[in-house]
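Chains, contacts and geometry: an overview
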Amino acid sequence: METKKSIFGKFRGQDIVKYTLINDSQTRISVLNWGGTWQEFVVNENGVERNLIWGLDSIEEYQRVGFCLGQSIGRVAGRIGDAQFKIDGQTYHVDMNEQSHSLHGGKNGFNTLIFAGELSQEADSANITLSKHIEATDDNYPGNLDVQIKFTLNNNNRVSIEFTGDTDSSTLFNPTNHVYWNLTDDRTSLAQQWLQIHSINRLEFDVEKVPTGKKLALQGTAYDFYKAQSMKNALERLKAEDGGLEFDDAYEVTPSMGEPIAILGDTARQRQVEIYSDRNGLIIYTANPFDPQKQALHQYNALATEAQTLPDAVNHEGFGDIILRPKQPVTHTISYQYSVQ
Ligand SMILES: OC[C@H]1O[C@@H](O)[C@H](O)[C@@H](O)[C@@H]1O
């Protein structure tokens, strides 16, 4: 294992650091302390380097492109209806940063922060831990929050992200990483990428994409990825059956670090990534972050996967508990296992 540290750029006068973890098979990941951004996941296939995720080469590009590309999202990933929720009977209001809801932690979410970083190494793994103390007044959530985001790469080509939250007053904690994948050879579209999700239900959304509380059965619909479907077929079917032009959907999954909640790969069956998560939700989102014209034409080259507790959980019975209590730190883990086939 090897670790590296370099200056990636500057943000508001501060140096932004890029941390790189490299394993014995020359697989590497890089992470920025700006936004807790997962910038690259490069594998070496018979001497050919392939980046499996989308990342950019400067802070300016990240700011121009947006899309939360590879960024850490929190305190709460996804939408909170009416930008409000109750904890112990008390109502709290958070940033209404999209229509009448709050999205991805509000305007000062994790993806806007600069973290402190610490590299560490063991025999068969290396990791980078990003930490930050967030005051309640910084992002308008109750409770001061100490957050740590630890990225680990091991010699088995597995990347794990552990999010730990510790608060002094009850708050919400449902972070994720907004990684975008393209596992195909030419990386121009999703036509040759397949996806499997071990899920039988998705969430119904209202016009603002806020969950209504209802779950919809997937079986027999274009949304059903229980058996692997190519993204090309799924998008064509979605359009034909539903008039749908994108996937931006929340799937209910069974939390497991032993069985993948989802698997994606290229249709030539050369490589795949299994996703493991200890929480009950997976958002998938199709996009073309770099080409506004193609995005408008729904010609996608990127698939975001966001493992988390189901969105808007605090406002719906049975969606899961995202309340973080004082003196009870919580850690959530997402793992991504690359393999060649
Ligand atoms: O912020 C980028 C994207 O993130 C996804 O999680 C949301 O569901 C999309 O609606 C949003 O555009």
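Residues numbered from 1 in each chain as written. Predicted model: local features only at pLDDT ≥ 70, side-chain atom pairs only at ≥ 80, totals over all residues. Heavy atoms only, no water.

Under an unreviewed UniProt entry, the protein has the name Maltose epimerase and belongs to Liquorilactobacillus sucicola DSM 21376 = JCM 15457. Recorded in UniProt under Pathway (unreviewed entry), the annotation for the protein is "Carbohydrate metabolism; hexose metabolism." Looking at the Function (unreviewed entry) heading of the UniProt record, one finds this comment for the protein: "Catalyzes the interconversion of alpha and beta anomers of maltose." (UniProt positions renumbered as here; feature names shortened; annotations may be inferred.)

Regarding the pairing of strand S22 (residues 248–252)
Of all five residues in S22, four are buried, a share of seventy percent or more. The pairing of strand S19 (residues 201–205) with S22 spans two bridges and is classified as antiparallel. Its bridge partner lying in S22, Asn201 is registered against Glu252. The pairing of S22 with strand S25 (residues 281–287) spans five bridges and is classified as antiparallel. The residue of S25 that forms the bridge with Ala250 is Ile283. (Buried < 20%, exposed > 50% of the residue type's maximum accessible area, 1.4 Å probe, protein only. Helix = DSSP H or I, 4+ residues; strand = E, 2+ residues; numbered from the N terminus. Pairing = 2+ DSSP bridges.)

Quick word on the environment of Tyr92
Within the secondary structure, Tyr92 sits in strand S9 (residues 90–93). On a C-alpha basis, the gap between Tyr92 and Asn140 in space is 8.9 Å, while along the polypeptide they are 48 residues apart. Setting aside residues up to four positions removed in sequence, Tyr92 forms contacts with Ala83, Gln84, Phe85, Ile87 and Pro142. (Contact = heavy atoms within 4.5 Å.)

Digging into unusual backbone geometry
Omega for the bond connecting Gly74 with Arg75 falls within 30 degrees of zero, at 0 degrees, which places this linkage in the cis form. In this structure, Arg75 sits in the loop between strand S6 (72–73) and strand S7 (79–80). Located in the positive-phi region is His104, a residue other than glycine, with phi close to 50 degrees. The residue His104 is located in the loop between strand S10 (102–103) and strand S11 (116–121) in this model.

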